[in-house]
Amino acid sequence: MKFFRLSHASLCAIAASLLLAACGGNGDSSPTPPPSPTPGAAALPDVPNGRATLLAGSLEADPAKACGRVDADDPLQSRFGYITHAMTVAADGAVYLTDQPCRADSGQADAVRKIAPNGQVSTVATGALPQAGAALSRFVRPAGLAVKGGVLYVSDGGPYGGLDAGGACETYSLATAPGYPAAGQATGIWQVAADGRISAVAGVGRASCEAGAASLDGAGPQASFCLPAGMAFSADGVLHVMDARIQGTPGTWRTVHVSDGNVQSGPAGRFTPNLIGSADGRIYVTDSCPAAGRVSRLVSVPDLSVLTDQLPNSSLVAIDSRGNVYSASADARRDGVKSTLYRKAAGQTQFVPVASNVRALRALAVGPDDALYLKSGHAVVKITFNP
């Protein structure tokens, strides 16, 4: 047997060739596969009968890397804040969501962000930072969203509004008293036109929760709101708003005719700040705040007929075009919780799990394609289910 002595240079060349082959190289300039997700990044939800994809934002677990307000043509380069009070998907598939700054002392105002069908992320409208004695020219804290005819409608719950306040909806009305905010700075309904112009539709001009008033209804600035939150359009084009009252009093379902700003109050009850519109234009409200061991009813308005009395989480509800109802674990909105998504199929009575390992769930919506859209931490995630 003969032995061959190789030079140091030859050995290095052979080692380099073997290393290249092991890494998949073939000597040409073909692009290498994209790298795997950043180590430590939070996982997408587990969907046994479907698929979860990152639509925009970041799954990075480190808030210093994930949190921000960054618009981008590449949605995966965009950044969002942590707290989202509302999210809706328009008929064209565009996703709108409220975005609170990463830090309360940042000097930034709340905003409404948009993920276009092509993935581009933009800031549609930025709110105001309230100043003493100054009348509002735009919303302060967007607490509910609805889209109709290319116009975005925003309910403004004032500095302490927002469905997500405190992580549970019982705290929603703690910081509002009759007459606060004052006239000109009050809560109300705003619209954002396609060209970006922002104008008040109803409320704002009259003090919030006006004490001793015979009625809080009226046209445009003559109406008074307390803590408007969830919104949706019914099939007849009327905007429906859930107005949470001051502590100890019930929520009231109200309607707004956006053409003239006329506001009328419907039934009152122990309603939560949430309000849900179905694909067929029906309106639903919920009657119990989420808590461990507690279920809520999902009821239609104005007749208050019960769609389900086993709703797991009244603040996270969506209904698709087939009548399937989606919800989440009762503690889903609380910090540090990984939650489960549930579905009640049309005609059935029980909610069954359809996705798990959902991190920091802040908002839930259904698109025109019946896909689920989630605000999960600093990311927007899309879930599609197999037929």
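As a reminder, the structure under discussion sits directly above these lines.
The text that follows walks through the structure, step by step, so that each part is easy to find. (Residues numbered from 1 in each chain as written. Predicted model: local features only at pLDDT ≥ 70, side-chain atom pairs only at ≥ 80, totals over all residues. Heavy atoms only, no water.)

### Brief notes about the pattern of salt bridges
Reasoning step 1: Applying the stated criterion to the full structure yields 14 salt bridges.
Reasoning step 2: Where Asp71 meets Arg113, a salt bridge forms, and the shortest distance between an N and an O atom there is 2.9 Å. Highlighted residues: Asp71 in the loop between helix 2 (63–66) and strand 2 (87–89) and Arg113 in strand 4 (residues 111–115), separated in sequence by 42 residues.
Reasoning step 3: One salt bridge in this structure joins Arg141 and Asp110, with 3.0 Å as the shortest N-O distance. Of this pair, Arg141 sits in the loop between strand 5 (121–126) and strand 6 (142–148) while Asp110 sits in the loop between strand 3 (95–99) and strand 4, placing them 31 residues apart in sequence. This pair shows no difference in class: Arg141 is buried, exactly as Asp110 is.
Reasoning step 4: Within the structure, one salt-bridge network assembled from shared partners comprises Arg69, Asp71, Asp99 and Arg113. (Salt bridge = Lys/Arg side-chain N within 4 Å of Asp/Glu carboxyl O. Helix = DSSP H or I, 4+ residues; strand = E, 2+ residues; numbered from the N terminus. Buried < 20%, exposed > 50% of the residue type's maximum accessible area, 1.4 Å probe, protein only.)

### So, the side chain of Ser296
Reasoning step 1: Position of Ser296 among the secondary structure elements: in strand 17 (residues 296–301).
Reasoning step 2: In contact with Ser296, other than residues within four places in its own chain, are Thr286, Asp287, Ser288, Thr308, Asp309, Gln310, Leu311 and Ser314. (Contact = heavy atoms within 4.5 Å.)

### Some thoughts on the state of the cysteines
Reasoning step 1: Here the structure, examined in full by the defined rule, presents two disulfides.
Reasoning step 2: Disulfide pairing places Cys67 opposite Cys102 at an S-S distance of 2.0 Å. Measuring handedness by torsion sign, the sulfur bridge of Cys67 and Cys102 sits at about -110° and is left-handed. Of this pair, Cys67 sits in the loop between helix 2 and strand 2 while Cys102 sits in the loop between strand 3 and strand 4; the two residues are 35 residues apart in sequence, bridging distant segments of the chain.
Reasoning step 3: Note on Cys102: relative accessible area 40%, which makes it partly exposed.
Reasoning step 4: Note that Cys209 is cross-linked by a disulfide to Cys226, the S-S spacing being 2.2 Å. Taken together, the positions of Cys209 in the loop between strand 9 (198–203) and strand 10 (218–219) and Cys226 in the loop between strand 10 and strand 11 (227–233) put the pair 17 residues apart, joining distant regions of the chain.
Reasoning step 5: Cys209 sits in the buried class, given a relative accessible area of 6%.
Reasoning step 6: A residue is classified by how much of its surface remains accessible, and Cys226, at 3% relative accessible area, is buried. (Disulfide = S-S within 2.5 Å.)

### Thoughts on the sheet that holds strand 4
Reasoning step 1: Read from one edge to the other, the open sheet built from four strands follows the order 2-3-4-5, with strand pairing classed as antiparallel. Each edge of the open sheet is held by one strand with a lone partner, namely strand 2 and strand 5. Along the sheet, successive strands turn relative to each other by an average axial angle of 25°, direction set aside.
Reasoning step 2: Looking at chain direction, strand 3 and strand 4 are connected through five bridges and run antiparallel. In the strand pairing of strand 4, Leu97 is matched with Arg113. (Pairing = 2+ DSSP bridges. Axes fitted to C-alpha atoms, helices over the stretch in contact; angles between N-to-C directions.)

### Description of the packing of aromatic side chains
Reasoning step 1: Tallied over the full model, the rule gives two aromatic pairs.
Reasoning step 2: Aromatic side chains Tyr153 and Phe233 sit 5.4 Å apart centroid to centroid with 70° between the ring planes, which places their arrangement in the edge-to-face category. With a gap of 80 residues between them, Tyr153 in strand 7 (residues 151–156) and Phe233 in strand 11 connect regions that are remote in the sequence. Neither residue differs from the other here; Tyr153 and Phe233 are each classed as buried.
Reasoning step 3: Between Tyr326 and Phe385, the aromatic rings sit 5.8 Å apart at their centres with planes inclined by 15°, giving stacked as the arrangement. Residue Tyr326 is found in strand 20 (residues 325–328), and its partner Phe385 is found in strand 25 (residues 379–385); the two are separated by 59 residues along the sequence. (Phe/Tyr/Trp six-rings, centres within 6.5 Å; stacked < 30°, edge-to-face > 60°.)

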